[in-house]
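Spelled out from the first residue to the last, the chains are:
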Amino acid sequence: MDFGDLIWSQQEINRLSNQVSRLESEVDHWKQIAQSSKVQGTSVAEQSEICKLQNTIKELKQNLSQEIDDHQHELSVLQDAHRQKLIEITRRHREELSEYEERIEELENQLQQDGVSTDAVDDSKISEQKKGAQNLEGGKAEDLQIIKDLEDEIRRLNQKLSSAKEENKILLKDQELLKVEKIQITQEYESLKSDFSVLQSSVTEQDALLKEQEKKFQSKTMLPEDVIRLQQALLEAEKEIARLSSLNQADSFTHTGKDIQAFTQDLQVLKEENVKLKKEKEGLEKELLHAQHENKNILSTYSEDQNSELNQLRQDLERKEHELNESIAERETLVAELEELDKQNQEATQHVITLKEQLSKQHTQGDSITKQLQIDIDLERKKVAKLEMEKMEAIKELDSQKEKLSQCSYALNDLHISKQQLQNTIKDLQEQLKKSQDCNLQNKKEIKELQQRLKEKEEDLSVSLSKLTEKSNQEANYSCQDLILKEREVEIAKLQNNILENKQRNEDLEKSLSDLKIENGKLVTAFEEIKQELNDAISEKNKVYLEKDTVVEALKMEKKHLETELNQTEKRLFEQAQKYEQTIQELSNARSMDTSALQLEHERLVKQNQEKDFKIAEFKRNMEQMEIDHQETKELLTTSLGGQKQLTELIKEKEEFIEKFKNQALQVKQELEEYKKASKKQDVLKQNLEEKDKSLAIMKEENNHLKEEIESLKDQQSRSAPMVEPKTLDIIIELESEVTQLKVIKNNLEEEIEVLKKTIEDQNQKTVQLQQSLQEQRKQIDESKVQCEQMNVTHERLSLEKDEEIKNLQKTIEQIKTQLHKERQVIQTDSSDLFQVTKVQTLNGENGNEKHDLSKAEIERLVKGIKEREMEIKLLNEKNVSLSQQIDQLSKDEVGKLTRIIQEKDLEIQALNARVSSASYRQDVLCLQQQLQAYVMEREQVLAVLSEKTRENSQLKTEYHKIMDMVAAKEAALVRLQEENQKLSNRFENSSQDMFRETIQNLSRIIREKDIEIDALSQKCQTLLTVLQTSSTGTDSGSGGVNSNQFEELLQERDKLKQQVKKMEEWKQQVITTVQNMQHESAHLQEELHKLQAQISVESDSNSKLQVDYNGLIQSYEQNEKKLKSFSQELAQVQHTIGQLHNTKDLLLGKLDLVTPSVAMASIISQPPVIQSSAPEVLSDETKLLQKELEQLKKKLQEKDSTIRTLQENNQRLSDSVATASEVERKGQEGTDSEIKQIKEKHDVLQKSLREKDILIKSKSDQLLSVSENLSNKENENELLKQAVTNLKERNLILEMDIRKLKEENEKIVASCREKETEFRALQETNMQFSMMLKEKEFESHSMKEKALTFEKLLKEKEQGKTGELNQLLNEVKSMQEKAVTFQQERDQVMVALKQKQMESSALQSEIQHLREKEQRLNQELERLRNHLLEMEDSYTREALAAEDREAKLRKKVSVLEEKLVSSSTAVENASHQASLQVESLQEQLNLVSKQRDETVLQLTISQDQVKQYALSLANLQMVLEQFQQEEKAMYSAELEKHQKQTAEWKKKAENLEEKVVSLQESLGEANAALDAASRLTEQLDVKEEQIEELKKEGEIRKEMLEDVQNKLMNLINSTEGKVDKLLMRNLFVGHFHTPKNKRPEVLRLMGSILGIKKEELDQLLSEEQRGVTRWVTGWLGGGTGSKSVPNTPLRPTHQNIFNSSFSELFVKFLETESCPSLPPPKLSVHDMKPLGAAGTGKAGSVPSSSQIQDSAVSGISRRPDANPFLAPRSAAVPLITPATSSGHLLMKPISDALPTFTPLPVSPDASAGAVLKDLLKQ
């Protein structure tokens, strides 16, 4: 009971009490009139009336007696049932008590066992704890089961996902195949167009027919409903009239004993009312006839007048149904809107068809353009081949130049320096490139800025070229090599320009190609969409047929169910009618007839209100359905319109951008400055766009708030709709006001959306204006005005173009890589095979390395560029997302669709980018990765949906638990009521136990029947669930066949559900009272069910798509196998080419073997001589041998050089011939090794990725399956909950019936109590009266006795005399006093008794008050129950009417469906035939697919075996190659070792010679090198020419010097063998005296050390210097063998004679080189040559040789005979070349003019000779 219900019931009570008082006053009035008429007398007419009334009274008495008998019988039955129930309750109570006692005993035993001396815990608490523990354990088990189920579902989902991925792969491969099958597609496309149009027309016709039939049905169903309502109203009116007449008779019977005339007047009033009712009945009958007539007309015509006539009838019947009319009008408007939308949709489809035709034309044009472009590409490829040929020639020229350059190591070092400088310049260029790319990132929107960057790069290149040209100008004085370099640079510049032009052409061509590819892809997607639509239409047809069948079956089941329910409800209604008649009779006895009339009116009004509320609810549901349909149509329209818009925009943009690019290609150079301005303006525009984005975000937030408000309002509506209860008109008014408010809010929101759209349009117009201004500044290049919606597409296009540019760059990189690889391979092969021995080989290797470094730098630069481009693409994608968000705000309905479309397009763009950017296998891998990401996203979405569903399920569970708690509370209340009943029954057990037993038995019987009915219903529910599951599995099996595992799982689930049903049956008794709350939740559950069904349909679609993907993957696998076969063929070719190469290698090796014997001979000859540098006595023999060996070696070297040159020339000729003859073969040979490796790696990677993807697809499919099973479980749970709700409703009704019965019994008991109490009171009153009468009589008797005694005494006294009068009087006084005392005592007793009686009466009064209060409460409850009964009656009547309406509707539907079945049986047969054919074809396809799969598995195994064989053969080949290479290496290493040994021997010999004799040459070379280094450091620009010239001169000089030195050596050996040079001794002696005195001991020590005198002897000699020089001279002349140790302390010269110290230093250096072990000379190979930093220092560190010094000294002496040879001037030039004619001693020869003289430096005594040269170098 609500508070409002209480207030309303109180008001009704007050109103009824007022009416009762009024009627009582009227009755009194009529009584007075009757009495007055009695006094006056009665007439004959009145007597006749009285007789009639008496007869009626008799009849009424008889009726009353019969009814009383019936009531008594019913009471007895109820009492029996009540008794049985009480017995059962007591039994249960005892059993529970016994259980509790047992539990208490068990607990006590446990406590005793544990030995815990604690107080006894309450049994109830322990039992509750146990129950809680059991519940928790059960909950744990359930949770574990749920977790397991969820895990299984996740696995299934994973499996599904994996299968989906496989299918996705197949789909991708199908797409590739579709590209090949373009021509077939166009034909199929046209045929499908026609089929689609036919299908659309048929679908529209079917929709129209369905709508017409629905309208007819509605009209038909509405009319009979009205007729039935009218008939029922008539029947109820007749029943009410009869009941009122009976009641009136009963009332008159009660009052006839007193006065009949009052009753006559009442009867007249009743008659008048009866007449009125008859009139109303007649009016209703007329209306019924009119309605039937109209019904016939309506059924005959089915015209649009039905609605108007129905509206008139409704206006006549129900004047307050304006809301319904409004809703009907709204529905009509919605229908009109729907029709308009259908028309628009048709127009849109026609427009789409025209657009598709245009696109097909454009496609053909694009194909022709692609052909032309391919021809152009072929021409360009030819040009590239020519350029490569030129490059090869240039490389050959370079090799020749390298051979020339290999002779001079200094030049190489200088070239290294120049290369480093060039690398630095390249780095600078890279940095500039980075800067330009950063600028490119800032200006992403247009390709023109990229071209600007290219110009900047070209300018940088021009700057670098200008620098190079400047350098070349500076190096104009260089030799022919520099001229060749310049020519090479010019050629390189030309080649770069050509490459740039080719790049630009390629970019333009690739742009157009990408556009055409995009168009092609879009056409393919359109074709696929049409195919999908066809498939969807077919599947929808099949679904419709299946749904019709299921609907028919469900209707049959519902009919049976409804029949059973109708029978039950009829029984209930019959029983309730009897009870209600009893209660109504009792109430009519208590109240007068006017109250009953008012009640009838009130009930009628309530019924009308309820009917109106229900109609309003129905209309609201219809409205919601219409709104859903409207939204769906809107979404369809938006999708179609969006597709149209995108297609039109794409076409326009492509046309516009083709024109733009044509104009831009010409005007790029002119527009660079303008673009800078445009970029600034674009920055401004960007800022504006960002501001607009911010504003859009704010608008989005507002829109979201509004959406939330709308959703909350909708929720309120949906909540308020089922919550409507038929109480008062206030609720209806509130609902109306809410509806109007919602409409107002809706209108406001629509207006706001329009405003937002306008603002967006304004912003777009502003952007268009800005673009126009930009176009005007660009000299009217872009004349076409770009609309707001094209912005998004332009961004997408830009991203595509950027991708294409990136692809072009990647292609160029790959080309460069291949070219570099080829060059590298050529160089490596040449160097490794043939030219390892010579310097030419090393130079080639170095040059190759340098090129490799350059190519690496270029590649790094390009990679950086690619990364920056990727960043640009990311940013563009982000902008795309922002723009898509802007478009999302255009309308609520278009949001989801547009985002999906954009995501699909993005995915397509990414897939296309991946395909174009990478190789064929990389494309697949990237596509698969993207698909993986997409599937991961889908999985996340599915998991999110699952989590939402689980959350909703948990909410439902929590609500269920709340309901259970409520039920428990209500049960507790029931138990209390039962206890009260028991108390009342205990009071009256003695009187009415048998009655109670009978009632209890009856009730138990009813409960058993209900339980049986519930069991039957649960079984029906289970069968329905199985049917639904089979149907759902059937729909699923349409996509993929049902597995036996799934069937077993379904059986397991069914068993689980059975267990759950049992649990629910246990619980349902507790959940009965909470049905009303669950009714509100059922609507939400239905909505969720719809959502889940939609999700399931989406998942089934995705499954079908995944299957298609799987087929595509199989096809792609077959293609891969074909590719593998082609690769195997290529491998065979490669093997063939390798064999040819081996033959060529063998030939070359044969030629090399011819060269080796001479080398061996040389080694044999060069082995015997062994040098011992320690003893100078053996020098002559050794030097002769060494000279001979040197001459032999020189000859051999010259011979070998000549042979090497001849071999090189032959090799060049051979390589040229091989290059010209088999360029294609070489390319294949070079490519095949790498390709085979790449193929292997790719194959392994692909296999791995395939396995991983298979696993992933399996896991994802498992997850999908689990999710779908989860969803089905959730649906089953929802259905179970619904069934539980219905069961609970029924149980609730039964319980309410039981409560009513119990309350009626309670009321009867209370009434009997009251009767007994009234009888008791009456008896007490009569008892009191009798006791009072008795007391009075006793008192009277006493008084009479006393009077008689007094009279007797008086008589006696009269007789006796007057003597005893006084005594007698005294005695009488005494007796009177005693009597007074006794009377006083009696009075006290009576007072005490009175007090007791008063106490008793007060107690009785309190009891009476308590009973009255109880009576009031019970009356209130009675009124509430009465109202509830009335409501229930209304609901039952409504349900019965609705059931009848449903039956009528169903019968009509069945008839219509039968007609439809008859009409469409042929169609169904055809469809079934087609379906069976399709099923057969699908099965065949399945079999084929399975066969193909088996075949592919076999092929896989075969291919794997082949791969293994290939791998083995490859391994064998590799082994052979390795062996061959090892043999070659061994050959080469043997040869190398021989050569190395020979060179080592030569080196040793040369070292020994240089150490002993040729140190003069080394010192000369080193001095020249030092001078050259100094001049190089000073003159950095003219270094190369000077070095080359100097090197040439040095080469000639060295040759001459060698000859001179050899001659000199021979002379020296002949002259100085076993002699001491007199001149030398003289010079030393003179030098000693020329040195200053303080420095002379140092000179003496030097001389001593030279002559081998020990330090001690020297010290003694120096100490004995005073004695004379003779001892020093004799000691010196008597010196021993050659010096071994020389001090490293040269003399510090003074300002007088610095030359002495310089000569002594040089002489010391010469001796040091003589004595110390010689360093090896530089090797012949270029690998051993160090760069400047290393070699220069090493060579600078060495000191000029003694021969040079001797030359210089001798020449000086010869030139100036008068002067001392030690006193050579500082500026005297030491000659590089000594004249060949000069003879005589070396020291005595004159100094030639050509020789440069060293400027002596001040040297510290600690410094060595190396330091002197270092100082020279620094100068």
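Quick caveat, the model's predicted, so the values are computed rather than measured. (Residues numbered from 1 in each chain as written. Predicted model: local features only at pLDDT ≥ 70, side-chain atom pairs only at ≥ 80, totals over all residues. Heavy atoms only, no water.)

> Even after reading the chapter, I still don't get the overall build of the chain, so can you show me in this structure?
Along the backbone of the chain there are 33 helices and zero strands. Counting every position in the chain, which comprises 1819 residues, the buried fraction comes to 37%. Long-range contacts, defined here as pairs at least 24 residues apart, represent 89% of the contacts in the chain between residues at least 6 apart. Here the chain has roughly 107,000 Å² of accessible surface; of this, 55% comes from carbon and sulfur atoms. (Helix = DSSP H or I, 4+ residues; strand = E, 2+ residues; numbered from the N terminus. Buried < 20%, exposed > 50% of the residue type's maximum accessible area, 1.4 Å probe, protein only. Contact = heavy atoms within 4.5 Å. Areas by Shrake-Rupley, 256 points an atom, 1.4 Å probe, with all protein chains shown as cover.)

> Just to check I follow, could you spell out the packing of helix α26 (residues 1622-1634) against helix α27 (residues 1640-1651) for this structure?
Packed helices, taken two at a time, are described by the angle their axes make and the gap between the axes. In the contact formed by α26 and α27, the axes pass within 9 Å of each other and the chain directions differ by 160°. Classified by the angle their axes make, α26 and α27 are roughly antiparallel. α27 is crossed by α26, and the crossing has right-handed handedness. Side by side, α26 and α27 meet where Leu1628, Phe1629, His1632 and Phe1633 of the first sit next to Arg1640, Val1643, Leu1644 and Met1647 of the second. (Axes fitted to C-alpha atoms, helices over the stretch in contact; angles between N-to-C directions. Parallel < 35°, antiparallel > 145°, perpendicular 65-115°, else oblique. Left-handed = near helix turned anticlockwise from the far one by under 90°.)

> Even after reading the chapter, I still don't get the nonpolar core, so can you show me in this structure?
Proteins that are soluble and globular tend to have nonpolar side chains buried together. Counting residues in each nonpolar core, the largest one holds 11 residues, listed as Leu157, Leu161, Ala164, Tyr935, Val942, Leu946, Leu1092, Leu1106, Leu1264, Val1267 and Leu1271. In contact with Val1267, not counting residues within four places along its chain, are Glu153, Leu157, Val942, Leu946 and Glu1099. (Core = buried A, V, L, I, M, F, W, Y, C linked by side-chain atoms within 4.5 Å.)

> When you look at the pattern of salt bridges in this model, what are you seeing that I'm missing?
Here the idea is simple: oppositely charged side chains can pair when their charged atoms come close. Within this structure, the stated rule accounts for 19 salt bridges. Between Arg1300 and Glu1296 there is a salt bridge, and its shortest N-O distance comes to 3.7 Å. One end of the pair is Arg1300 and the other is Glu1296, both in helix α22 (residues 1223-1360) and four residues apart, which spans about a single turn. Neither residue differs from the other here; Arg1300 and Glu1296 are each classed as buried. (Salt bridge = Lys/Arg side-chain N within 4 Å of Asp/Glu carboxyl O.)

> I tried to follow the environment of Asp1101 on my own but got confused; where do I start?
You can see Asp1101 is positioned in helix α20 (residues 1075-1166). By relative accessible area, which is 34% here, Asp1101 ends up partly exposed. Each C-alpha atom, one on Asp1101 and one on Gln532, is 9.7 Å from the other, the two residues being 569 residues apart in sequence.

> Even after reading the chapter, I still don't get a positive patch on the surface, so can you show me in this structure?
On the surface, Lys382, Lys383, Lys386 and Arg505 cluster together into a patch of positive charge. If you tally residues by element for the positive patch, the top one is helix α7 (residues 322-405), at three residues. In this structure, Lys386 sits in helix α7. (Patch = residues over 30% accessible without salt bridge, like charges linked within 9 Å, V, L, I, M, F, W, Y side chains within 5 Å. Lys, Arg positive; Asp, Glu negative; His and termini not counted. Charge placed at Lys NZ, Arg CZ, Asp CG, Glu CD.)

> Got a minute to help me understand the packing of α27 against helix α28 (residues 1655-1663) in this structure?
For the pair α27 and α28, interaxial distance at closest approach is 10 Å and the crossing angle is 145°. Handedness of the α27/α28 crossing: right-handed. For the pair α27 and α28, contact is made by Pro1641, Leu1644, Arg1645, Gly1648 and Ser1649 and by Leu1658, Asp1659 and Leu1662, respectively. Here the contact of α27 with α28 is composed, by residue class, of four nonpolar, two polar and two charged. (Nonpolar A, V, L, I, M, F, W, Y, C, P; charged D, E, K, R; others polar.)

> Just to check I follow, could you spell out the packing of aromatic side chains for this structure?
The way to describe two aromatic rings as a pair is by their centre distance and the angle between their planes. Counted under the stated rule, the structure contains three aromatic pairs. Across from the ring centre of Phe657, 3.8 Å away, lies the NZ or CZ of Lys660, which sits over that ring. (Phe/Tyr/Trp six-rings, centres within 6.5 Å; stacked < 30°, edge-to-face > 60°. Lys NZ or Arg CZ within 6 Å of the ring centre and 35° of its normal.)

> Could you clarify how one ought to interpret a nonpolar patch on the surface in this entry?
Together, Phe3, Leu6 and Ile7 give the surface a local cluster of nonpolar side chains, amounting to about 310 Å² of exposed area. Mapped onto the elements, Phe3 comes out in helix α1 (residues 3-40). Since its relative accessible area comes to 63%, Phe3 is described here as exposed.

Function cannot be read off these values alone, since they describe shape.
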